[in-house]
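One letter stands for each residue in the lines below.
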Amino acid sequence: MIGQRFSAAAETYDRHARPQLALAQSVLSVVPEMYPEQILELGSGTGQLTRLLTERFPEVPIDAVDVAEKMVLHSRAAFKRFPQIKWIVDDAQTYWGGDRYPLIVSSSALHWVADLRATCENIFQSLEPGGTFALGMMLSGTLIELHELRQEIAPEKTPSISLPTYEETVEALEAAGFRTERKKHSEEQILYDGAKAFLKAIHEQGVTGGRVSAGNAPLSRTELSRLVADYQENHVADGGVYATYETATFLLSRN
Ligand SMILES: C[S@@+](CC[C@H](N)C(=O)[O-])C[C@H]1O[C@@H](n2cnc3c(N)ncnc32)[C@H](O)[C@@H]1O
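Residues numbered from 1 in each chain as written. Predicted model: local features only at pLDDT ≥ 70, side-chain atom pairs only at ≥ 80, totals over all residues. Heavy atoms only, no water.

If you look the chain up in an unreviewed UniProt entry, it shows as Malonyl-[acyl-carrier protein] O-methyltransferase from Pontiella sulfatireligans.

Visitor: Help me understand the overall build of the chain, please; the structure alone is not making it clear to me.
Guide: Helix and strand counts for the chain stand at 9 helices and 8 strands. Taken across its 255 residues, the chain has 57% of its residues classed as buried. Of the contacts formed within the chain by residues at least 6 apart in sequence, a portion of 81% connects residues at least 24 apart. For the chain, the accessible surface area stands at approximately 12,000 Å², while carbon and sulfur atoms represent 50% of it. (Helix = DSSP H or I, 4+ residues; strand = E, 2+ residues; numbered from the N terminus. Buried < 20%, exposed > 50% of the residue type's maximum accessible area, 1.4 Å probe, protein only. Contact = heavy atoms within 4.5 Å. Areas by Shrake-Rupley, 256 points an atom, 1.4 Å probe, with all protein chains shown as cover.)

Visitor: Can you help me understand the pattern of salt bridges in this one?
Guide: Oppositely charged side chains are able to pair whenever their charged atoms sit close together. The full count for this structure, using the stated rule, is 5 salt bridges. The partner of Glu181 in a salt bridge is Arg179, with the nearest N and O atoms 3.2 Å apart. What emerges from the salt-bridge pattern is a single network uniting Glu152, Arg226 and Asp230. (Salt bridge = Lys/Arg side-chain N within 4 Å of Asp/Glu carboxyl O.)

Visitor: Would you mind showing me how to read helix 2 (residues 18-30) here?
Guide: Helical geometry: 3.6 residues make up each α-helical turn, so side chains three or four residues apart lie on a common side. Here helix 2 is 13 residues long and its end C-alpha atoms lie 19 Å apart, about the 18 Å a rise of 1.5 Å per residue gives. Here the buried face of helix 2 lies against helix 3 (48-56), strand 4 (101-107), strand 5 (127-138), strand 6 (179-192) and strand 8 (240-253). (Expected span 1.5 Å × (residues − 1).)

Visitor: Help me out: how do you make sense of the site of the ligand in this one?
Guide: Residues in contact with the ligand amount to 20 residues; listed here are only the nearest, Gly43, Asp66, Asp91, Ala92 and Ser107. Here Gly43 contributes a backbone N or O atom positioned 2.8 Å from a nitrogen atom of the ligand. In this structure, a nitrogen atom belonging to the ligand sits 3.3 Å away from a main-chain N or O atom of Val67. For the ligand, the accessible surface in isolation is 600 Å², of which the surrounding protein chains cover 98%. Counted by class, the shell around the ligand contains 10 nonpolar, 6 polar and 4 charged residues. (Near = heavy atom within 4 Å. Polar contact = N/O pair within 3.5 Å; in protein donor to acceptor, adjacent residues only side chain to side chain. Nonpolar A, V, L, I, M, F, W, Y, C, P; charged D, E, K, R; others polar.)

Visitor: Would you mind going over the packing of helix 8 (residues 195-204) against helix 9 (residues 221-234) with me for this structure?
Guide: Two numbers describe how helix 8 lies on helix 9: the axes approach to 8 Å, and their chain directions differ by 115 degrees. Note on element contacts: helix 9 touches helix 8 through Leu227, Val228, Tyr231 and Gln232, opposite Ala195, Lys196, Phe198 and Leu199. Class assignment for the residues of the contact of helix 8 with helix 9 results in 6 nonpolar, 1 polar and 1 charged. (Axes fitted to C-alpha atoms, helices over the stretch in contact; angles between N-to-C directions.)

Visitor: Help me understand the nonpolar core in this model?
Guide: The nonpolar side chains of soluble globular proteins are, as a tendency, buried together. Leu42, Leu110, Phe133 and Phe178 are the most contacted members of the largest nonpolar core, which totals 28 residues. Contributions of two or more residues to this core are made by strand 1 (39-42), strand 4, helix 5 (116-126), strand 5, helix 7 (166-176) and strand 8. Looking at which element gives the most residues to this core, the answer is helix 7, with 5 residues. In contact with Leu110, other than residues within four places in its own chain, are Leu42, Ala92, Leu116, Thr119, Ile123, Phe133, Leu135 and Met137. Leu49, Val60, Val72 and Ala134 belong to the second-largest nonpolar core, a separate cluster that totals 23 residues. (Core = buried A, V, L, I, M, F, W, Y, C linked by side-chain atoms within 4.5 Å.)

Visitor: Help me out: how do you make sense of the packing of aromatic side chains in this one?
Guide: Two numbers describe a pair of aromatic rings. These are the distance of the centres and the angle of the planes. Under the definition given, this model contains 7 aromatic pairs. Where Tyr192 meets Phe198, the ring centres are 5.0 Å apart and the plane angle is 55 degrees; that geometry is what we call tilted. The exposure class assigned to Tyr192 is buried, which follows from its relative accessible area of 9%. Taking the relative accessible area as the measure of exposure, Phe198 reaches 0% and is therefore buried. Among the aromatic residues, ring-to-ring pairing joins Phe79, Phe82 and Trp87 into one connected group. Geometry around Tyr192 places Arg18 over its ring, the cationic atom sitting 5.3 Å from the centre. (Phe/Tyr/Trp six-rings, centres within 6.5 Å; stacked < 30°, edge-to-face > 60°. Lys NZ or Arg CZ within 6 Å of the ring centre and 35° of its normal.)

Here it is in structure tokens:
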């Protein structure tokens, strides 16, 4: 289900992925000076973080894992000139590459997994002792305005599951055995030209229809018009509208 949704967004994602790019940059910024022999990236999508990795670690082999087959096909084609990247269709919750990695990274992806704690345990097992795991997560405050408005307009179509909270994430990482070396937790308002532009942008990021912004049942035309009008009226900023993104970046180690 999640794989299918992100597959559909593969062609349009990059133009509208400002918060994701900022988070990918934050993830890379916490990675200490090191010379890893190999890197594992989980939830690589269209390769925003992968590209940054190739700039910082030229020629280091990267295993880029994503559960959405079309995302993997799209990125494999887009990154033809980078033979050091192996694009793999698999689930971060269960992926085992046959060996441990000195560096594992993930950005804007693990909040989608079915079981965050099991995923963290699996990543811990994939990390070399002494290795580094840099993680960027979108958290429960993300798109909160939209979520609340949807609940008001069409409660039965609003998803009951939400993104993990900061506390849940910290707990899952600690329970898996990671030691936290650094953490950054932030809430930011991103501006969009208007409510329509905002909804289009998040749709193209592959987040509509999912846990943050929508339910499984699509909104009717009337509900959608009301959503656009109410969002435009209630969340004005600088001639457009704003949306909140709550994120966290963690630098973790296995000691
Ligand atoms: C919002 S994109 C982020 C992509 C990229 N890391 C970035 O920073 O732009 C989230 C990606 O996570 C992938 N994903 C979701 N659940 C996953 C899972 N359980 N295992 C692996 N990838 C997953 C999706 O298919 C999607 O490509």
